[in-house]
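Below are the chains, spelled out letter by letter.
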Amino acid sequence: MTVQSPIIFVLSGAGISAESGIKTFRDNDGLWETHRVEDVATPDAFARDPVLVHRFYNLRRAALSDVKPNPAHRALARLQSSLRERGGDLVIVTQNVDDLHERGGARDVIHMHGELKRALCSACNFRWDCEGDLSIESLCPACTTVSRARPDIVWFGEIPYQMDRIEAELARADQFVSIGTSGAVYPAAGFVQMARSMGTPTLELNMEPSLGSTYFDTARHGPAGTIVPIWAEEKLGALNKAPSE
């Protein structure tokens, strides 16, 4: 008989990129790379001081060239490829704005909080790839408006991207896996409860128990670069042992 390959929904957070050298969202002192979140990650901050906000994100964008995908990113990409070859899927929804999942080999990653290497025109809502710096003099390639370009990042007070698609993907998943998330930022922190309400098995892979760890059926704790490849290899082993007919 044919065994149907599973559809696995993965939510990734800052913990999976931390081992590549990218700082987590907030340091212990409540600052984000020496800046208050209120000064660099809200629409009001951009309206008040666009020069500061552009400089902050330009530095973060440039820093991506100094980091590389780690074993966790690459393991997810291998599992995704194997599942798709067998008719299943690994849907990756990330809260991270870096491109490490893609550079690790993953495809069709859903960036619910936007991407550092993309820009957004606040005048016409056009989005485009952006590898270099943005400034108050940047020109929108669609409407040619000057000074309205901003990082294509979902700031506090804004709605995350592709929520309808995310909820649809979660509804069809056979398993929900949260990797490297704090369980503190909504709506992503509520995905595990949505999965549980649909009877979907849930797994947490995290350095330590998250704020929402009690909602998970099972959990493994340790560095993402160690525990994610182990879990992925277990999944691959199960796929290879499953009868094809």
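Fair warning: this is a prediction, and the values are worked out from it, not measured in the lab.

(A) Highlighting the overall build of the chain. In terms of regular secondary structure, the chain is built from nine helices and nine strands. A globule of 245 residues ought to have a C-alpha radius of gyration of about 18 Å, and the chain, at 19 Å, matches this closely. Along the first, second and third principal axes, the C-alpha atoms of the chain reach 60 × 40 × 35 Å. The proportion of buried residues among the 245 residues of the chain is 48%. Total accessible area on the chain is roughly 11900 Å²; 52% of this is exposed by carbon and sulfur atoms. Taking the 25 positively charged and 32 negatively charged side chains of the chain as two groups, their mean positions are separated by 2 Å.

(B) Here's a closer look at the nonpolar core. Judged by nonpolar contacts, the single largest core of 24 residues is most densely connected at Leu-76, Leu-79, Val-228 and Trp-231. Looking at this core, the elements with two or more residues in it are strand E1 (7-12), helix H5 (71-85), strand E2 (89-94), strand E7 (175-179), strand E8 (202-206) and helix H9 (224-241). The element contributing the most residues to this core is H9, with seven residues. Discounting residues that sit within four places of it in the chain, Leu-79 has contacts with Ile-8, Leu-90, Trp-231, Ala-232, Lys-235, Leu-236 and Leu-239.

(C) Spatial organisation of the side chain of Asp-98. In this structure, Asp-98 sits in the loop between E2 and helix H6 (100-103). As a buried residue without a salt bridge, Asp-98 has its nearest oppositely charged side chain in Arg-60, at a separation of 6.9 Å. Side-chain polar atoms of Asp-98 contact the side chain of Ser-17, separated by 2.8 Å. Reaching out from Asp-98, the side chain makes a polar contact with the backbone nitrogen of Leu-100 at a distance of 3.0 Å.

(D) Just helix H7 (residues 163-171), in detail. Considered for burial, the residues of H7 that qualify are Met-163, Ile-166, Glu-169 and Leu-170. Projected down its long axis, H7 shows its buried positions confined to an angular sector of 125°, all on one face. Lining the buried residues of H7 we find E1, E2, strand E3 (110-111), E7 and helix H8 (191-197).

(E) Highlighting the sheet that holds strand E4 (residues 114-121). Taken in spatial order, the three strands make up an open sheet running E5-E4-E6, and their pairing is antiparallel. Every interior strand has two partners, whereas the edge strands, strand E5 (127-129) and strand E6 (149-153), have only one. When the angles between neighbouring strand axes are averaged without regard to direction, this sheet yields 45°. Two elements, E4 and E5, share three bridges in a ladder whose sense is antiparallel. Residue pairing for E5: Leu-120 is matched across the bridge by Arg-127. With respect to the sheet, helix H4 (residues 50-63) is in contact with E4 and E6, its orientation differing from that of E6 by roughly 55°.

(F) Structural context of unusual backbone geometry. Geometrically, the link from Tyr-186 to Pro-187 is a cis peptide bond, its omega value of 10° lying close to zero. Relative to the assigned elements, Pro-187 resides in the loop between E7 and H8. A positive phi angle, near 65°, is found at Thr-144, a position not held by glycine. Along the chain, Thr-144 falls in the loop between E5 and E6.

(G) Region of interest: the UniProt feature "binding site: Zn(2+)" (unreviewed entry) in the chain. Look at the UniProt record and you will see "binding site: Zn(2+)" (unreviewed entry) annotated at Cys-121, Cys-124, Cys-140 and Cys-143. In summary, the annotated positions, though distributed over 23 residues, converge in three dimensions, the widest C-alpha pair being only 8.7 Å. Turning to its location among the elements, Cys-140 is positioned in the loop between E5 and E6. Look at Cys-140 and you get buried, because its relative accessible area is 1%. Setting aside anything within four residues of it in sequence, one finds Cys-140 in contact with Cys-121, Cys-124, Phe-126, Trp-128 and Thr-145. When its relative accessible area of 28% is taken as the criterion, Cys-143 is described as partly exposed. Setting aside chain neighbours within four positions, we find Cys-143 in contact with Cys-121, Ala-123 and Cys-124.

Parameters at a glance
Sequence order as written defines residue numbering, which begins from 1 separately in each chain. Owing to the predicted nature of the model, reporting of local features is limited to residues with pLDDT of at least 70; listing and counting of side-chain atom pairs is limited to 80 or more, with chain, interface and lining totals taken over all residues. Note that water and hydrogens are dropped before the side-chain values are worked out from all heavy atoms of the structure. A helix here means a DSSP run of H or I that spans at least four residues, while a strand means a run of E at least two residues long, and both kinds are numbered starting from the N terminus. Between the two quantities, the radius of gyration covers C-alpha atoms and the globule rule is 2.2 Å times the number of residues to the power 0.38. Exposure is judged per residue with a 1.4 Å probe applied to protein chains only, and the accessible area is read against the type maximum: over 50% gives exposed, under 20% gives buried, and values in between give partly exposed. Working definition of accessibility: Shrake-Rupley area with a 1.4 Å probe, residue cover restricted to the visible protein chains. Positive charges are assigned to Lys and Arg, negative charges to Asp and Glu, while His and the chain termini are left out of the count. A single reference atom marks each charge: NZ on Lys, CZ on Arg, CG on Asp, CD on Glu. Residue types Ala, Val, Leu, Ile, Met, Phe, Trp, Tyr and Cys, when buried and joined through side-chain atoms within 4.5 Å, form a set referred to as a nonpolar core. Residue contacts are defined here by distance: any two heavy atoms, one from each residue, within 4.5 Å place the two residues in contact. What counts as a salt bridge is simple: a side-chain nitrogen of Lys or Arg found within 4 Å of a carboxyl oxygen of Asp or Glu. In the analysis that follows, any N or O atom pair within 3.5 Å is treated as a polar contact, provided that within protein one partner can donate a hydrogen and the other can accept it, and provided that, for residues neighboring in sequence, both atoms belong to side chains. When we speak of the arc, we mean the arc of directions from the helix axis to the C-beta atoms. Following DSSP output, two strands are said to pair if at least two bridges run between them. For helices, the axis comes from a line fit to the C-alpha atoms of the stretch in contact; other axes are also lines fit to C-alpha atoms, and the angle between any two N-to-C directions lies between 0 and 180 degrees. UniProt positions are given in the numbering used here, feature names are shortened, and annotations may be inferred rather than shown by experiment.

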